[in-house]
Amino acid sequence: MKRNPFAPTDFGADSLEVRVSELLVATSDQTDAALDAAIGEVLRLLRERLQMDVVFVSEFVNGRRVFRQVAQAPGVGVIAEGEGAWLEESWCQRVVDGRLPQYIADAKRDPAASPLLKDLPFPIGTHISTPLVLSSGEVYGTLCCFSFEAHGRPNPEDLAKLKLTARLAAQRLETRRQARPMPASVPDWTLKSR
């Protein structure tokens, strides 16, 4: 039987998948502050394990992509929580609608991504992104990460790890929405303590 290259293989006690599951499940009945801290830890783990410079959760709100939580390498400050831009101009929207692949090993060599690099205030080498999809099919936003330099050897398992994390985060998001309904005009998962 042929091995699925997108299936995670590391399920030891210290694997990323196990740690992410533990962090998100452990906060299912806790305060928003506890969940926010857990999400921050999940993003930090993703950034370190995937060897990325930036990892973020975005939300799509009123035609904009808004950064809800961000983890960056020490000394890096290219995006900030709460910042945003028009959704249509974002790499996130291009991934969701299929104009960009979810896994880009080297953005300079990717025919769809390379023309977009000139419009960015910072470089992107490897870019991995996946939608945060709710059980209703609604796309909440994306879970994205990127490095400034392309990784020497592509690792498709990184996309599988990001997808697993996105599924768990989407489930947790729905739990929060059900516990605390908010008006449609107010972002409901700001990942900030209220």
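A brief look at the structure comes next.

**Some thoughts on the overall build of the chain**
Stage number 1. Across its full length, the chain holds 4 helices and 6 strands.
Stage number 2. In the chain, the succession of helices and strands from N to C terminus is α-α-β-β-β-α-β-β-β-α.
Stage number 3. Each of the 194 residues in the chain was classed as buried or not, and the buried ones make up 47%.
Stage number 4. A fraction of 54% describes how many contacts in the chain between residues 6 or more apart in sequence connect residues 24 or more apart.

**Digging into unusual backbone geometry**
Stage number 1. Residue Gln51 is not a glycine yet carries a positive backbone phi of 55 degrees.
Stage number 2. Within the element layout of this structure, Gln51 appears in the loop between helix H2 (32–50) and strand S1 (54–61).
Stage number 3. Here Asn62, not a glycine, exhibits a phi torsion of approximately 50 degrees, which is positive.
Stage number 4. As for its position among the elements, Asn62 is in the loop between S1 and strand S2 (64–72).

**Some details on the state of the cysteines**
Stage number 1. Following the criterion strictly, the structure yields 0 disulfides and no others.
Stage number 2. Cys92 takes part in no disulfide bond, and the closest cysteine sulfur, belonging to Cys144, lies 3.6 Å away.
Stage number 3. Residue classification places Cys92 among the buried positions, given a relative accessible area of 1%.

**Remarks on the pattern of salt bridges**
Stage number 1. Per the stated rule, a full pass over the model turns up 8 salt bridges.
Stage number 2. Where Glu48 meets Arg44, a salt bridge forms, and the shortest distance between an N and an O atom there is 2.6 Å. Of this pair, Glu48 and Arg44 both sit in helix H2, 4 residues apart, which is roughly one turn of that helix.
Stage number 3. We classify Arg44 as partly exposed; its relative accessible area is 30%.
Stage number 4. Across the pair Glu48 and Arg47 runs a salt bridge whose closest N-O atoms are separated by 4.0 Å.
Stage number 5. Relative accessible area serves as the criterion here: at 40%, Glu48 is assigned to the partly exposed category.

**Here we look at the nonpolar core**
Stage number 1. Leu43, Leu46, Val55, Ile128, Leu143, Cys145 and Leu162 are the most contacted members of the largest nonpolar core, which has 22 residues in total.
Stage number 2. Looking at which element gives the most residues to this core, the answer is helix H4 (residues 157–179), with 6 residues.
Stage number 3. In terms of nonpolar packing, the next biggest core, distinct from the first, is built from 20 residues, Phe67, Val95, Leu117 and Phe122 among them.

**Section: the sheet that holds strand S5 (residues 127–133)**
Stage number 1. Read across the open sheet, the 6 strands follow the order S3-S2-S1-S6-S5-S4; overall the sheet is antiparallel. Of all the strands in the sheet, the pair left with one neighbour each is strand S3 (84–86) and strand S4 (103–104).
Stage number 2. Note that S5 and strand S6 (residues 139–146) share 7 bridges and pair antiparallel. Bridge assignment links Thr130 to a residue of S6, and that residue is Leu143.

**Structural notes on the packing of aromatic side chains**
Stage number 1. All told, the structure shown has 4 aromatic pairs when counted by the stated rule.
Stage number 2. One aromatic cluster in this structure is built from Phe122, Phe146 and Phe148.
Stage number 3. The ring of Trp86 is capped by Arg64, whose NZ or CZ atom sits 5.0 Å from the centre of that ring.

**As for the pairing of S2**
Stage number 1. Burial analysis of S2 places 7 of its 9 residues in the buried class, the great majority of the element.
Stage number 2. Examined bridge by bridge, S1 and S2 share 8 bridges and lie antiparallel to one another. Bridging across to S2, Ser58 finds its partner in Phe67.
Stage number 3. Between S1 and the antiparallel strand that follows it, S2, lie 2 residues; Asn62 among them carries a positive phi value of about 50 degrees.
Stage number 4. Relative to S3, S2 runs antiparallel, the two sharing 3 bridges. Its bridge partner being in S3, Arg65 is matched across the sheet by Ala85.

Calculation notes
- Residues numbered from 1 in each chain as written.
- Predicted model: local features only at pLDDT ≥ 70, side-chain atom pairs only at ≥ 80, totals over all residues.
- Heavy atoms only, no water.
- Helix = DSSP H or I, 4+ residues; strand = E, 2+ residues; numbered from the N terminus.
- Buried < 20%, exposed > 50% of the residue type's maximum accessible area, 1.4 Å probe, protein only.
- Contact = heavy atoms within 4.5 Å.
- Disulfide = S-S within 2.5 Å.
- Salt bridge = Lys/Arg side-chain N within 4 Å of Asp/Glu carboxyl O.
- Core = buried A, V, L, I, M, F, W, Y, C linked by side-chain atoms within 4.5 Å.
- Pairing = 2+ DSSP bridges.
- Phe/Tyr/Trp six-rings, centres within 6.5 Å; stacked < 30°, edge-to-face > 60°.
- Lys NZ or Arg CZ within 6 Å of the ring centre and 35° of its normal.

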